Structure formats: C-alpha cells, structure tokens
Amino acid sequence: IYQLFKTKTYKIHFDLNAGGATTNPASYNDISAEYGAMIYSPQAPTRTGYTFKGWYRESDAGDNDTAFSFTTMPPTKNANATTTLYARWVVEEEE
C-alpha cells in the first residue's frame, strides 16, 4: 500500500512581543505538528508590571480581538508553513 498524499507539517512560533523587556521564560520552542493534530498552550509567560492576556495572531491585538484557541494545529497560508502568535500584555494597575 502506498501513501497517496503526504500530510503537511505546520509550525507555531511564539513571539513574546515584549519590546526587549525581560520575560520568564525568555523564549519558547516552536510547536511543529501535522495539520489537525492536538496542540497545547505553553505555560503562560510573566513580565514585571504586566498581565499576560493570551496568544494572538496580531502583534497589536486589543480588547476586540480573539485569543488563539489551542485545540488542533491550524493550516497556514504562508510559504514557510509557520503561524506566529504574539503575547498580549496589559499594564497592571497600580494601587
């Protein structure tokens, strides 16, 4: 039996979107998986003075944007088969 098609592997790259500020962790490994495979969210990063609000497809995501849902590996339309997710940070209110 011959395989009639090759399953495409996609990648998710995590951008901490911190403008050079120190975060914990300092970086994440990319996730690589075949389209439709189960994927899981990495541990939430931390950054002094900010609250992490999730991973978004837009680097400038705001309150009206929807956080990325970690369920199954999505397809991507770009040539290198990579989806970049950006951390969204909100300044913590001082009390």
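Residues numbered from 1 in each chain as written. Predicted model: local features only at pLDDT ≥ 70, side-chain atom pairs only at ≥ 80, totals over all residues. Heavy atoms only, no water.

A. How the structure looks around unusual backbone geometry. Pro 25 follows Asn 24 through a cis peptide bond whose omega is 0°. Looking at the secondary structure, you find Pro 25 in the loop between strand 1 (9–15) and strand 2 (31–34). Of note in the backbone geometry, Asn 17 takes a positive phi value of approximately 50° without being a glycine. By the element assignment, Asn 17 lies in the loop between strand 1 and strand 2. Residue Asn 17 is classed as partly exposed on the basis of its relative accessible area of 29%. (Helix = DSSP H or I, 4+ residues; strand = E, 2+ residues; numbered from the N terminus. Buried < 20%, exposed > 50% of the residue type's maximum accessible area, 1.4 Å probe, protein only.)

B. Spatial organisation of the sheet that holds strand 4 (residues 82–91). Judged by pairing direction, the sheet is mixed, and its four strands sit side by side in the order 2-1-4-3 without closing on themselves. Of all the strands in the sheet, the pair left with one neighbour each is strand 2 and strand 3 (50–56). Ignoring strand direction, the axes of neighbouring strands in this sheet form an average angle of 25°. (Pairing = 2+ DSSP bridges. Axes fitted to C-alpha atoms, helices over the stretch in contact; angles between N-to-C directions.)

C. Structural view of the side chain of Thr 82. Its place among the elements puts Thr 82 in strand 4. Every residue in contact with Thr 82, bar those within four places of it in the chain, is listed here: Lys 11, His 13 and Thr 76. (Contact = heavy atoms within 4.5 Å.)

D. Quick peek at the side chain of Arg 88. Mapped onto the fold, Arg 88 is located in strand 4. Judged by its relative accessible area of 13%, Arg 88 is buried. When neighbours within four sequence positions are excluded, Arg 88 is seen to be in contact with Thr 51, Phe 52, Lys 53, Gly 54, Tyr 56, Ala 61, Gly 62 and Asp 63.

E. Geometry of the packing of aromatic side chains. Tallied over the entire structure, the rule returns eight aromatic pairs. Note on Phe 68 and Phe 70: the rings are 4.9 Å apart at their centroids and 80° apart in plane angle, and the pair reads as edge-to-face. Its relative accessible area of 18% is what places Phe 70 among the buried residues. By the ring-pair criterion, three or more aromatic residues cluster together here, those being Phe 14, Tyr 28, Phe 52, Trp 55, Phe 68, Phe 70 and Trp 89. The ring of Tyr 50 carries the charged tip of Arg 47 above its face, separated from the ring centre by 3.7 Å. (Phe/Tyr/Trp six-rings, centres within 6.5 Å; stacked < 30°, edge-to-face > 60°. Lys NZ or Arg CZ within 6 Å of the ring centre and 35° of its normal.)

F. Fine view of the pairing of strand 2. Only one face of strand 2 is buried, namely the one carrying Ile 31 and Ala 33, since none of Ser 32 and Glu 34 on the opposite face is buried. Note that strand 1 and strand 2 share four bridges and pair antiparallel. Within the sheet, the bridge partner assigned to Thr 9 lies in strand 2 and is Glu 34.

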